[in-house]
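Observations on the model geometry
Given next are the chains, with one letter for each unit.
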Amino acid sequence: MGARGELFTTEVYLDNRSYFFNVKENRTGDVFLQIVESKSRDGADGERHQIAIFADDMQKFLQGMDRSLNFVEKDRKERAKIKAAKKAEKAKKIYKMKETNKKQDDGIKRTGRVHVVSKRPQTEITETAASEE
């Protein structure tokens, strides 16, 4: 038995948190799982929280954890499906809008270019051409 009754320890390190899973035995011989969350702030030791689950209750605890994990996974998949459906609907709406603009046929060719028409009267052009001859 290790220090403070530790039988087994494993650690998980994340960005600003660390989790420790310690299997311990108390003075009366009861085995329990201690889960410790440690948050560091600016390199200094920060908050520390812990829970203890005794061996007799571990199966119920794990069943609750398993149900929670299943819910999270199911919810994640549903959210991804809804997000994909919204994205597809948005793309479909944009496509429909483009189609409706193309279907307007009033005999006017719309190219997006501006056509400039000369405002000089035709007579001036003829006179200028005649005077040059």
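Attention in this report is confined to the structure presented alongside it. Think of each chain on its own: its residues are numbered from 1, step by step along the sequence as written. Where totals are concerned, whole chains, interfaces and linings use all residues; where local detail is concerned, this predicted model gives features only for residues with pLDDT of at least 70, and gives and counts side-chain atom pairs only at 80 or more. Where side-chain values are given, they derive from all heavy atoms of the structure, hydrogens and water being excluded.

1. Structural notes on the overall build of the protein chain
This is how the line gets drawn: Under the DSSP-based scheme used, a helix requires at least four consecutive residues in state H or I and a strand at least two consecutive residues in state E, with every element numbered from the N terminus. Using a 1.4 Å probe on the protein chains alone, a residue whose accessible area is under 20% of its type maximum counts as buried, one over 50% counts as exposed, and one in between counts as partly exposed. The contact rule is simple, with two residues in contact once any of their heavy atoms fall within 4.5 Å.
For the protein chain, the count of helices and strands is 2 helices and 4 strands. Counting only residues that meet the buried cut, the protein chain has 11% of its 133 residues in that class. Summarising the internal contacts of the protein chain: among those between residues at least 6 apart in sequence, 9% fall at separations of at least 24.

2. Structural notes on the pattern of salt bridges
Let me state the cut-off plainly: Think of a salt bridge as a Lys or Arg side-chain nitrogen and an Asp or Glu carboxyl oxygen that are within 4 Å of each other.
Counting across every chain of the model gives 4 salt bridges. Residues Glu-37 and Arg-17 are paired through a salt bridge, measuring 2.5 Å at the closest nitrogen-oxygen approach. Here the residue Glu-37 occupies a position in strand 3 (residues 31–41), and Arg-17 occupies one in strand 2 (residues 17–25), the gap between them amounting to 20 residues. For Arg-17, a relative accessible area of 29% translates into the label partly exposed. Across the pair Arg-79 and Asp-75 runs a salt bridge, and its minimum N-O distance is 2.8 Å. Residue Arg-79 and its partner Asp-75 are located together in helix 1 (residues 58–103), separated by 4 residues, close to a single helical turn.

3. What to know about the side chain of Ser-18
Tracing the backbone shows Ser-18 in strand 2. With sequence-adjacent residues up to four places away left out, Ser-18 is seen in contact with Val-12, Tyr-13, Val-36, Glu-37 and Ser-38.

4. Considerations on the packing of aromatic side chains
What characterises a pair of aromatic rings is the spacing of the ring centres plus the angle enclosed by the ring planes. Test applied: The rule is short: rings of Phe, Tyr and Trp, with Trp giving its six-membered ring, pair when the centres are within 6.5 Å, and they are stacked under 30 degrees, edge-to-face over 60, tilted in between.
Applying the stated criterion across every chain, the model contains 2 aromatic pairs. Ring centres of Phe-32 and Phe-54 lie 5.4 Å apart, and the angle between their planes is 45°; on these two criteria the pair is classed as tilted. Here Phe-32, found in strand 3, pairs with Phe-54, found in strand 4 (residues 44–54); they are 22 residues apart in sequence, far enough to count as distant. Residue Phe-32 is classed as buried on the basis of its relative accessible area of 13%. Phe-54 gets classed as partly exposed once you look at its relative accessible area, which sits at 37%.

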